[in-house]
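Structural characterization, general
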Amino acid sequence: PRLGTTVCNAPLPAELHIKNEGSDVDGAGLCVISSILLNGRYQGVPGLEGGKDSDLWRKAKAAPGGYYPEKLERLLKEVLPNEKWVSWEGEGTDLVQAYSAKGYPVSTTSNTGELYGGKMIHHMITNPHLDSTLACIIDNNDPGKYRWVTAAEFARRFPDGGKGWGFVWLRRKAYTEE
């Protein structure tokens, strides 16, 4: 994915994108799981290569949806106890940009977007690219598409309830196109 001469730092291919679904228990969304599953598949996290056939997806689907940092941490400690990752909450997108510059796809909160007509939402997306001028967004409610926005617009959308949430698997890219 590219925009003009800008190429994504983490070029996540469309065939790995995961469509968001609701939990089987309460119908609440699994956008957090969809986003980290996409990134984990790209980065070669063991056990995630099967996508929606993975233990992570099955456990999340069979539990109430609507993830937040502590709830995700409990699930990951249960399903992938030896995997390394970083999760943080805060203001500003400096950490998102720093991980992106190193080639990591980053899962981040988003409070609105093109799909939502400017309405406020509570959602997690994937960011395969963020630099000082541009951001690329993969929205798991509309997988297979790459949306480019200015870095300023991305920063405006990042906070959810006053602060943003970011998540990164600490693995280098492992995906290779066949």
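Inspection of the entire model under this criterion finds five aromatic pairs. Residues Tyr 99 and Tyr 104 carry aromatic rings whose centres are separated by 5.7 Å and whose planes lie at 80° to one another, so their mutual orientation is edge-to-face. Residue Tyr 99 shares its accessibility class with Tyr 104, and that shared class is buried. What links up through ring pairs into an aromatic cluster is the set Trp 85, Phe 167 and Trp 169. Directly above the ring of Tyr 67 sits Lys 71, whose terminal nitrogen or CZ lies 4.5 Å from the centroid.

Next up on the list: the pattern of salt bridges. According to the stated counting rule, one finds twelve salt bridges in the structure shown. Note that Glu 21 is salt-bridged to Lys 52, the shortest N-O span being 2.5 Å. Here Glu 21 is found in the loop between β2 (6-7) and α1 (31-43), whereas its partner Lys 52 is found in the loop between α1 and α2 (55-61), with 31 residues between them in sequence. A residue is classified by how much of its surface remains accessible, and Glu 21, at 28% relative accessible area, is partly exposed. Notably, a salt bridge pairs Glu 114 with Arg 157, separated by 3.2 Å at the nearest N-O pair. Of this pair, Glu 114 sits in the loop between β4 (106-110) and β5 (123-130) while Arg 157 sits in helix α5 (residues 151-157), and the two are 43 residues apart along the sequence. A relative accessible area of 45% places Glu 114 in the partly exposed class.

To continue, consider the sheet that holds strand β7 (residues 147-150). Here we have six strands laid out as an open sheet, ordered β3-β8-β4-β5-β6-β7, and antiparallel in their pairing. The open sheet terminates on both sides in strands that have one partner only, identified here as β3 (85-90) and β7. Going from strand to strand, the sheet's axes swing by 30° on average, the running direction of each strand aside. With three bridges joining them, β5 and strand β6 (residues 134-138) adopt antiparallel strand pairing. Considered in β6, the bridge of Thr 126 is made with Ile 138. Of the strands in this sheet, β3 and β8 (164-169) touch helix α3 (residues 69-79), which is tilted by about 20° from β8. Contacts from helix α4 (residues 94-101) reach β3, β4, β5 and β8, with the element oriented near 50° to β5.

Conventions we followed
- Residues numbered from 1 in each chain as written.
- Predicted model: local features only at pLDDT ≥ 70, side-chain atom pairs only at ≥ 80, totals over all residues.
- Heavy atoms only, no water.
- Phe/Tyr/Trp six-rings, centres within 6.5 Å; stacked < 30°, edge-to-face > 60°.
- Buried < 20%, exposed > 50% of the residue type's maximum accessible area, 1.4 Å probe, protein only.
- Lys NZ or Arg CZ within 6 Å of the ring centre and 35° of its normal.
- Salt bridge = Lys/Arg side-chain N within 4 Å of Asp/Glu carboxyl O.
- Helix = DSSP H or I, 4+ residues; strand = E, 2+ residues; numbered from the N terminus.
- Pairing = 2+ DSSP bridges.
- Axes fitted to C-alpha atoms, helices over the stretch in contact; angles between N-to-C directions.
- Contact = heavy atoms within 4.5 Å.

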